[in-house]
Each structure stands twice: as C-alpha cells, then as structure tokens.
Amino acid sequence: MVTDEKPTKPIPKLKGLPFLGSTLDFARDPLAFLTGLQQKYDRLVQFDAVGRLITLTLTPEDARYILQENNKNYVKSAAYDVLKMFLGNGLLNSEGDFWRRQRRLAQPAFHKQRLALLVDGMNRETAGLMASWKNRDLSKPLLISEEMMQLALAIVTRSLFSSDVKNHLENVSEAITTIIQTAYKEIFNFFPATRNWPTPRTIRYRRAVRKTEAIIYEIIENRRREPPETRHDDLLGMLMETRDDETGEQMTNQQLRDEVTTIFMAGHETTANALSWAFYLLANHPDVTEKLREEINMVLGPTDLPTMETLRELTYATQVIQETMRLYPPAWIFGRQPLHSDQFGDYRVEVPKADGMLICPYLLHRDPRYWEKPETFEPEHFLPERVKNRPTYAYLPFGGGPRLCIGNNFAMMEMQIVLTLLIREFDFLPADSKKVEAEPGITLRPKGGLRLRVRARHKAGSPVS
Ligand code: HEM
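The rules behind each value
- Residues numbered from 1 in each chain as written.
- Predicted model: local features only at pLDDT ≥ 70, side-chain atom pairs only at ≥ 80, totals over all residues.
- Heavy atoms only, no water.
- UniProt positions renumbered as here; feature names shortened; annotations may be inferred.
- Helix = DSSP H or I, 4+ residues; strand = E, 2+ residues; numbered from the N terminus.
- Rg over C-alpha atoms; globule rule 2.2 N^0.38 Å.
- Buried < 20%, exposed > 50% of the residue type's maximum accessible area, 1.4 Å probe, protein only.
- Contact = heavy atoms within 4.5 Å.
- Near = heavy atom within 4 Å.
- Polar contact = N/O pair within 3.5 Å; in protein donor to acceptor, adjacent residues only side chain to side chain.
- Pairing = 2+ DSSP bridges.
- Axes fitted to C-alpha atoms, helices over the stretch in contact; angles between N-to-C directions.
- Phe/Tyr/Trp six-rings, centres within 6.5 Å; stacked < 30°, edge-to-face > 60°.
- Lys NZ or Arg CZ within 6 Å of the ring centre and 35° of its normal.
- 1 Å grid on protein atoms, 1.4 Å probe; cavity = no way out; pocket = protein on both sides within 12 Å on 5 of 7 lines; lining within 4 Å.
- Points joined across faces, edges and corners; volume = space filled by probe spheres on them.
- Nonpolar A, V, L, I, M, F, W, Y, C, P; charged D, E, K, R; others polar.

Under an unreviewed UniProt entry, the name given to the protein chain is Cytochrome P450, and the organism recorded is Larkinella rosea. As its UniProt record puts it under Cofactor (unreviewed entry), the protein chain is described as follows: "heme".

A. The arrangement of the overall build of the protein chain in detail. The secondary structure content of the protein chain amounts to 18 helices and twelve strands. Over its C-alpha atoms the protein chain spans a radius of gyration of 23 Å, differing by no more than 12% from the 23 Å that the globule rule assigns to 465 residues. A principal-axis box enclosing the C-alpha atoms of the protein chain has dimensions of 80 × 55 × 45 Å. In the protein chain, buried positions account for 53% of the 465 residues. In the protein chain, once contacts between residues fewer than 6 apart in sequence are set aside, the share between residues at least 24 apart is 77%.

B. Representation of the site of the ligand within the structure. Residues in close proximity to the ligand total 27 residues, the closest being Tyr80, Trp99, Arg103, Arg336 and Cys405. Separating an oxygen atom of the ligand from a side-chain N or O atom of Lys76 is a distance of 3.5 Å. Arg103 is positioned with one of its side-chain polar atoms (N or O) 2.7 Å from an oxygen atom of the ligand. Every element with two or more residues in the shell around the ligand is listed here: α5 (96-106), α12 (253-283), β5 (334-338) and α18 (408-425).

C. Layout of the sheet that holds strand β2 (residues 52-57). The five strands are arranged β1-β2-β8-β5-β3 in an open sheet whose pairing can be described as mixed. Bordering the open sheet on either side are β1 (44-49) and β3 (74-76), each of which pairs with just one other strand. Across the sheet, the mean angle from the axis of one strand to that of its neighbour is 35 degrees, orientation sign disregarded. Strand direction decides the pairing type here: β1 and β2, joined by six bridges, are antiparallel. Along β2, the bridge assignment pairs Phe47 with Ile54.

D. Structural detail: the packing of aromatic side chains. According to the stated counting rule, one finds 13 aromatic pairs in the structure shown. Geometrically, the ring pair formed by Trp277 and Tyr328 is stacked, given 3.8 Å between the ring centres and 5 degrees between the ring planes. Taken together, the residues span a long stretch of sequence, with Trp277 in helix α12 and Tyr328 in the loop between α15 (315-327) and β5 at a distance of 51 residues. Classification of Tyr328 by relative accessible area gives buried; the value is 7%. Relative to Phe382, the ring of Trp371 has its centre 5.7 Å away and its plane inclined at 50 degrees; by these criteria the two rings are tilted. Here Phe382 lies in the loop between α16 (361-364) and α17 (384-388) and Trp371 lies in the loop between α16 and α17, a separation of eleven residues in the sequence. Per residue, the accessibility class of Trp371 equals that of Phe382, and both read buried. Pairwise contacts between aromatic rings join Trp133, Phe279, Phe426 and Phe428 into one cluster. The side chain of Arg326 reaches across the aromatic face of Trp371, ending 5.1 Å from its centre. Here the basic side chain of Arg390 rests over the ring of Phe382, its NZ or CZ set 5.9 Å away from the ring centre.

E. Structural detail: the pairing of strand β8 (residues 354-359). Burial runs high along β8: five of the six residues are buried. Where β2 and β8 come together, five bridges link them in parallel fashion. Its bridge partner lying in β8, Leu56 is registered against Leu358.

F. Region of interest: unusual backbone geometry. Between Val351 and Pro352 the backbone carries a cis peptide bond, its omega angle lying at 10 degrees. Note on placement: Pro352 falls in the loop between β7 (347-349) and β8. Not every positive phi belongs to a glycine, and Phe19 is a case in point at roughly 65 degrees. One can find Phe19 in the segment before α1 (23-28). In this structure Phe19 comes out as exposed when scored by relative accessible area, which is 85%.

G. Summary view of empty space enclosed by the protein. Applying the stated criterion across every chain yields a total of two cavities of 30 Å³ or more. Contributing to the lining of the largest cavity are Phe86, Ile179, Val209, Thr212, Glu213, Ile216, Arg257 and Thr261. The set of elements that each furnish at least two residues to the lining of the largest cavity consists of α10 (200-224) and α12. Grouping the constituent residues of the lining of the largest cavity by class yields four nonpolar, two polar and two charged.

H. Looking closely at the sheet that holds strand β4 (residues 142-143). The three strands lie next to each other as β4-β12-β9, forming an open sheet whose pairing is antiparallel. Strands with a single pairing partner mark the edges of an open sheet, and in this sheet they are β4 and β9 (426-430). Note that β4 and strand β12 (residues 451-456) share two bridges and pair antiparallel. Note that in β12 the partner of Leu142 across the bridge is Leu452. Together, β9 and β12 form the strand contacts of α18, whose direction differs from that of β9 by roughly 90 degrees.

I. Seen up close, the environment of Ala214. Here Ala214 is to be found in helix α10. By relative accessible area, Ala214 is classed as partly exposed at 46%. With 184 residues separating them in the primary sequence, Ala214 and Pro30 have C-alpha atoms 38 Å apart.

J. Representation of the side chain of Glu147. Within the secondary structure, Glu147 is located in helix α8 (residues 144-161). Among the polar contacts listed, one links the side chain of Glu147 to the side chain of Trp133, at a separation of 2.9 Å. Not counting the four nearest positions on each side in its chain, Glu147 is found in contact with Leu129, Trp133 and Arg136.

K. Representation of the side chain of Ser94 within the structure. Structurally, the position occupied by Ser94 is in the loop between α4 (79-87) and α5. On the basis of relative accessibility, which here comes to 1%, the residue Ser94 falls in the buried class. Of note is the side chain of Ser94, whose polar atom sits 3.0 Å from the backbone oxygen of Gly90.

Next comes the structure, spelled out in structure tokens:
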C-alpha cells in the first residue's frame, strides 16, 4: 500500500511530577535545567510544564525549519499574550495580515540609510554619559547594568522622538521602567486573574501607562498639526510618514502608540544587557580590550566620533559584540506554537497534544557541535572563515525568518558606538573576583546587577569631555 505517512519514533519525554511535570525544575534554574537536557539529548525532547507539553528543539536545522522554512505553521507562544497587555497590537506580538502590513509600514524606518540619521543622537547620549562619569566619584564601583539601562533608554527615546521629548524625558523613563518591571512580574505570574486586582503594583502600572500614552499622543498630535513639509529625522517621523503601497493608508494614533511602546520595550533592555555583559567580559579579558583599543585607535583615533562609514570598519568591535551575545544572548529563549502537527525527520510533533515549541539561543550558542571553544570568550569565533563553516542558525541572537528582529541594525550600531566610545575613554575593571551569574527573565540579565570599577584614561579636558 502506498502511504505518504513518514515513519515516526517517539520523541524522548521527561517523566516529571504528577500535575506539575517539570515546572519546578524549569522555574528553579532554567539554564541548568535546559543545559542538562542539551547534554543528554541531541535533537528534540519533551517535558510538561505549566500544564502544557513543551518540545525543546536542539539543532540549528530545526530552528531554521520553524522560524523560516515552515514559519507559516507557527505562531508566537502564549508568553507573548502577556506582552499584549503592555504593547497592544505592536509588531512583536501581532500575527497574520495585520503583522505583515505593520512590518511593511515600519521596515523603511529601519533601513541603514535612515539609521544613519540616528548616529549623531547616539554619539551625543554616550558623550553625555561620559561627561557625567567624569564628574562622578569613581573610587567606588559603578552599577554598570543600571548605567547601561538609562543610556539605552535615553538613546531609544531620542531615536524615536528627537528633541520633542526633552521636557518629558524623566517622566517617560520612569513610566517605561515601571511598565517593564510590571511586565517582568506578570510574565511569570501563574495567576492571571490577579492582574486586574487594584494592588499598589497595578495602580502604579496603570498610572505609568496613562502617563506614557498622554506623552506619546501629545507628541503625535503636535506633529499632525505641523505643516506637511516639516520633517522629523527620527523613528516616529518615519512611522508617521509611511503609507501602505496597496491602500495608501497610514498608521492610526493607536497603531503608532503600540509600535512606539513596542520599540521602547524591545529596544532598550536587550541592548542594555548586551552592553553590560560586554563590559563585564572585557573587564575580565584585558587582551581583548587591548586589541579592541588598537582598532579604535586606528579607525577613530583619539577624538573622532563614529559615523556610519567608520562603524563598518570597526570589525573587531563587531566581533566582540557578536561574541558577547553568543555567550549571553539577551533573547535567550523564545517560543512558538504549532498550528498543525509537524514532522522533524523521524519525529512527529502532534497537535493539539504538544502545544509549545522552544528555541533556545543560549543552548545553540554553546553547543560544542558548532563552536570550537563554546565556554571561552573569543571574538575570533566570528572571523569570516570560521562563520562560513557553521550552520547559520547556530547563532541567532536576533531570531530568524520573517520575524527577525527589525531593530538588529539599530542595536548593532548603538552597541558599537557605546562600546567604542566608552572603551576609548575608560578602563573597566572587575569589582571583585566573583563570577557574575546570568539571570534568565524576559532577557538575560546579570544577576543582582553588574558592578565594575571604572577609571578615566585621560585627564579631564582631553578627548571627548
Ligand atoms: C541586542 C539587542 C536586541 C536583541 C538581542 C533583540 C532580539 C530580538 C529577537 C530574538 C526577536 C524575535 C523574537 C521572536 O521571533 O520571537 C526580536 C524582535 C523584535 N525586535 Fe529586537 N532585539 C534587540 C534590539 C532591538 C531594538 C533596538 C529594537 C528597536 C529599535 C527592536 C525591536 C524589535 C521588534 C519590533 C521586534 C518584532 C519584529 C517582528 O516580529 O516583526 N529590537 N528582537
């Protein structure tokens, strides 16, 4: 008999506890739990968690298959539903035709040509931070994770609104920080009904949402009242300008609000964490720092600020950032839900029984099958000749396929600028000999915050002060 059914082998499955499955093991120490699975299994493994049957994928080929080749069969997982409460129907968590249209409309804002207009703002914000450090008491370690969070927030705010937000920056920063902190708590809240209880947290959160919305709407309304020839070289300006090719429609205020909040949320904590980890790794690898400084000196000299052209020449700085995100990918895991059952070689993921798929950059980035020295910080992992011999999806800090991070070039640019300017002006040294642990939440943060000793390399008044 002819049949098109493929042979199937059962996917290995963890036993787990009755009802709870592996929920507790996962929640207690997700990185240790997942790394343990990677050491034992080579392609797929299933476990029960929070009442669902989860399939963890362990190969670049399956990541590519889910994110790219058969992406139509996969939608974003339930974790993204929680984000809906905060981000509305923004790019990160919308689906289908609505997402496709929004992506088409937003894409031009992120073209390299347009991004070039944001370099100056990124340079200025970084110079502002450097000036403030030069007036600070640097005898005690700085909480670098917080410094990077504030810097990334200032950069994304300026990139979105240019100077329109100048008078509101403090309010926006505070309100956005409250929103993000609430989102963080809610994504791990297994009792969603409590979200609407009037607790101090929800009251603070609602106030923060009202405040940010009021500011965003005010800026949009002010711009709509301007003469049509007025141009704003920022992301909001681009998002307000673009028209749908087919219908000629533009984004409504509500859509703009959702995209702006999404960009705030997706675009600052990720970058801030990557930068914190980069300074942590550089503080512990003086040889890499020295090589990086040689390149900075060659490309930028002692005083030049980066431009779009010189950023392209900073290839070692790019490798340092890539290597940092290999070891500490800010988006360390992400999920998809299959719409229909799907075949992975001899294995079959059966829907509706199996309803969650996990792709884990943290595991793929440290898999000895694809990396020469998986646990070592070695930017040379990203030399072109070494990249060439590796499956593309062995490295996916920005995801892949049609849902690839729209802000990837923005983020790389920002990280290059902050890294090169700060490394040129300051020494970063470990605050103590303790290894900083990674704390996996929505993003991969340094546990307890990252403290480093910082020392100005030049006397006040020289280079960029
Ligand atoms: C180091 C920094 C960043 C990392 C590691 C990162 C990572 C990611 C990843 C992995 C995704 C895909 C998630 C999925 O497929 O489930 C994503 C999507 C997204 N990111 Fe980023 N991101 C970064 C910076 C940014 C920045 C700076 C912006 C905006 C300025 C941004 C805006 C977005 C948006 C809007 C999406 C949704 C895109 C869509 O689905 O069409 N990200 N990001």
